[in-house]
Amino acid sequence: MPRERGVILKNLADFQTELARIAAAFVPGMEDWEVRNELPLQVFSDFRMVQDLRVRHKELGVAPGDLHLSQAVPAREMLELLCEAPTSADALEAIFAVTKGHLAAWIKEVLQSSLGVYDLPSTPLLEANIELLKKQIAWAAKGRAALGAVNQGYLAKVTAALAGLGEALSNQERRRAEPVRRARRVGRLPLLDGATPRGFAARASIPPLPGDDSPYSVRERYFAMNFLQEVQASDSCASILFEAPDMPWDFYFDAARHMWDESRHAMFGQIKLTSLGIPVNEVALSTTAYRLRQTIAPHDRYAALTTQEADAFPGKHKGLKAALENNDAVGAMTWSYDIADETQHVRYGQKWLPTLIKAMDDPRSPDQVKADAENWRATVLTMTYRPRAQSVEADAAPVT
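Read on for an overview of the structure.

Quick notes on the rules
- Along each chain, the written sequence defines residue order, and numbers are assigned to residues from 1.
- Whole-chain, interface and lining totals are the exception, using all residues; otherwise, since this is a predicted model, local features are given only for residues with pLDDT of at least 70 and side-chain atom pairs are given and counted only at 80 or more.
- Water and hydrogen atoms were dropped before computing side-chain values, which therefore reflect all heavy atoms in the structure.
- Each helix is a run of DSSP H or I of at least 4 residues and each strand a run of E of at least 2, with the numbering of both proceeding from the N terminus.
- Only the C-alpha atoms count toward the radius of gyration. The rule for a globule is 2.2 Å times the residue count to the power 0.38.
- Each residue is placed in one exposure class: buried if its accessible area under a 1.4 Å probe, protein chains only, is under 20% of its type's maximum, exposed if it is over 50%, and partly exposed if it falls in between.
- Contacts between residues were defined by any pair of non-hydrogen atoms, one from each residue, lying within 4.5 Å.
- Computed with the Shrake-Rupley method and a 1.4 Å probe, the accessible areas treat only the protein chains shown as cover for residues.
- Charge assignment: positive for Lys and Arg, negative for Asp and Glu; neither His nor the chain ends contribute.
- We put the charge of a Lys on NZ, of an Arg on CZ, of an Asp on CG and of a Glu on CD.
- One speaks of a salt bridge when a side-chain nitrogen belonging to Lys or Arg is within 4 Å of a carboxyl oxygen belonging to Asp or Glu.
- Only Phe, Tyr and Trp rings are paired, with Trp represented by its six-membered ring, and only when their centres lie within 6.5 Å; those with planes under 30 degrees apart are stacked, over 60 edge-to-face, the remainder tilted.
- Convention adopted: a line fitted to C-alpha atoms gives each axis, helices being fitted over their contacting stretch, and angles between N-to-C directions are expressed from 0 to 180 degrees.
- Here is the rule for angles: anything less than 35 degrees is roughly parallel, anything more than 145 is roughly antiparallel, 65 through 115 is roughly perpendicular, and the remaining ranges are oblique.
- Each crossing gets its handedness from the near helix: less than a right angle anticlockwise from the far helix is left-handed, clockwise is right-handed.
- Here the nonpolar group is Ala, Val, Leu, Ile, Met, Phe, Trp, Tyr, Cys and Pro; Asp, Glu, Lys and Arg are the charged ones; every other residue, Gly included, is treated as polar.
- To estimate how far a helix should reach, multiply one less than its number of residues by 1.5 Å.

### Quick notes on the overall build of the protein chain
Alright, step 1. Per the secondary structure count, the protein chain includes 15 helices and zero strands.
Alright, step 2. Its C-alpha atoms give the protein chain a radius of gyration of 22 Å, near enough to 21 Å, the size a compact globule of 400 residues would have.
Alright, step 3. Counting only C-alpha atoms, the protein chain reaches 70 × 45 × 40 Å along its principal axes.
Alright, step 4. Within the protein chain, the proportion of its 400 residues that are buried is 58%.
Alright, step 5. The long-range share in the protein chain, meaning contacts at least 24 apart out of those at least 6 apart in sequence, stands at 86%.
Alright, step 6. Summed over all atoms, the accessible surface of the protein chain reaches about 16600 Å², with 55% contributed by carbon and sulfur.
Alright, step 7. On the protein chain, the mean spot of the 46 positive side-chain charges and the mean spot of the 51 negative ones are 1 Å from each other.

Set out below in structure tokens:
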């Protein structure tokens, strides 16, 4: 019957949501530079797929609900086992090769038991899901090889736990669960510090911002290096995506997009460095901003990120103007798309911060949380992250 089919699709959508959140949580720990920057796209692709599934199960009479209830998701115990992955290689293998492999096989079985013309609208969605999973598995195989050996004992435990996946996803009885009202801590997650990708040196701070009277060649090199550091913003978005309490599902979709945008911005830096003839791994990377943000709650972290992005626009527009004046096409493209993305991120903050504060049962108002975030940035982040800077211009475009 339609509702029974709808429950199966809702189970699938909820499971893939949690699987994507767990994959995101391992982003900061990826020691391979390419994997670190490409994994956010894989996560966001999952959310786009789930978005379509949610539309379909609603059509079949199964409402998504006001909140995504993480503790009601099928196969909860197996998902928690994934959070215990000992290394980044184990995480990539367990999530993509093992779990997504089983998931693709189960979806194929669902297709084979198709109801034909009666449920025909679900068929292309499930077929597209299988194709996405196959592409992700192939991508992860290459990435896992770059990360090193895996723990076969741990993977055997994951494989054994997956034996009941099909039954769990087919179960018509949903778990009862109260909303999670705290930052999530499961297994090894969240990661308290990011990994320095292999081949890169580590740094604790960044050099002072060049003045407007500095040669453009000095300024464009600085900003190329600065964009590369935005991998830390991607990492922080990844941790928020995992740690956030139970929220409306659209929040996780927007958080995943935010994460992917920030990883793209790091790649903007790589493209600009390449145009200058500078190998990307000659630029030392810092994890300081990520590590510091991990010391505060998800909603404070989210406020710190989005208020920092809002404050950075004067510096970004100054960078765009300088690129245009110096016929720097790559720089102008970089600043233009960065400004477009960050404008959207500020909108995300305005939309979701009040809801996130409420979900965390924090009595402070959004204005107070923003003020506290700005004070934290000034007294903790800036003072720790830029200890060698003699002065920082108020309209600078700071590393996020």
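Now that the structure has been shown, we can carry on.
### Regarding unusual backbone geometry
Alright, step 1. In this model, Leu189 is joined to Pro190 through a cis peptide bond whose omega is 0°.
Alright, step 2. If you trace the backbone, Pro190 turns up in the loop between α7 (165-170) and α8 (216-228).

### Focus on the pattern of salt bridges
Alright, step 1. According to the stated counting rule, one finds 28 salt bridges in the structure shown.
Alright, step 2. Two residues, Arg56 and Asp119, come together in a salt bridge whose shortest N-O distance is 2.8 Å. Taken as a pair, Arg56 in helix α2 (residues 33-59) and Asp119 in the loop between α4 (88-112) and α5 (122-147) lie far apart in primary sequence, 63 residues in all.
Alright, step 3. By relative accessible area, Arg56 is classed as buried at 8%.
Alright, step 4. Asp119 sits in the buried class, given a relative accessible area of 4%.
Alright, step 5. A salt bridge links Arg264 to Asp341; its shortest N-O distance comes to 2.9 Å. Remark: Asp341 occurs in helix α14 (residues 329-359) and Arg264 occurs in helix α10 (residues 249-275); sequence separation between them is 77 residues. Each member of the pair, Arg264 as well as Asp341, is classed as buried.

### Focus on the packing of aromatic side chains
Aromatic rings considered in pairs are described by the distance between their centres and by the relative angle of their planes.
Alright, step 1. Summed over the entire model, instances satisfying the criterion amount to 13 aromatic pairs.
Alright, step 2. Ring geometry for Phe44 against Trp260: centres 5.5 Å apart, planes inclined by 20°, an arrangement best described as stacked. Taken together, the residues Phe44 in helix α2 and Trp260 in helix α10 connect sequence positions 216 residues apart. Per residue, the accessibility class of Phe44 equals that of Trp260, and both read buried.

### Quick look at the packing of helix α12 (residues 298-311) against α14
Alright, step 1. Across the interface, α12 lies against α14 with an axial gap of 9 Å and an inter-helix angle of 150°. Between α12 and α14, the angle falls in the class roughly antiparallel. By crossing handedness, the relation of α12 to α14 is classed as left-handed. Residue-level contacts link Pro298, His299, Tyr302, Ala303, Thr306, Glu309 and Ala310 of α12 to Glu342, His345, Val346, Tyr348, Gly349, Trp352, Leu353, Leu356 and Ile357 of α14.
Alright, step 2. Its residues placed into classes, the contact of α12 with α14 shows 10 nonpolar, four polar and two charged.

### Points about α8
Helical geometry note: an α-helix holds 3.6 residues per turn, so side chains three or four residues apart project in the same direction.
Alright, step 1. The end-to-end C-alpha separation of α8 is 18 Å, in line with the 18 Å expected for 13 residues at 1.5 Å each.
Alright, step 2. Counted residue by residue, α8 has 10 buried out of 13 residues, so it is predominantly covered.
Alright, step 3. Residues of α8 that are buried include every one of Tyr216, Arg219, Glu220, Tyr222, Phe223, Ala224, Met225, Asn226, Phe227 and Leu228, and no others.
Alright, step 4. Taken together, the buried residues of α8 touch α2, α9 (231-243), α10, α13 (313-325) and α14.

### A closer look at α13
Alright, step 1. The terminal C-alpha atoms of α13 lie 18 Å apart, and with 13 residues this matches the ideal 18 Å at 1.5 Å per residue to within 8%.
Alright, step 2. Within α13, burial applies to Phe313, Gly315, Lys316, Gly319, Leu320, Ala322 and Ala323.
Alright, step 3. Along its buried surface, α13 packs onto α8, α12 and α14.

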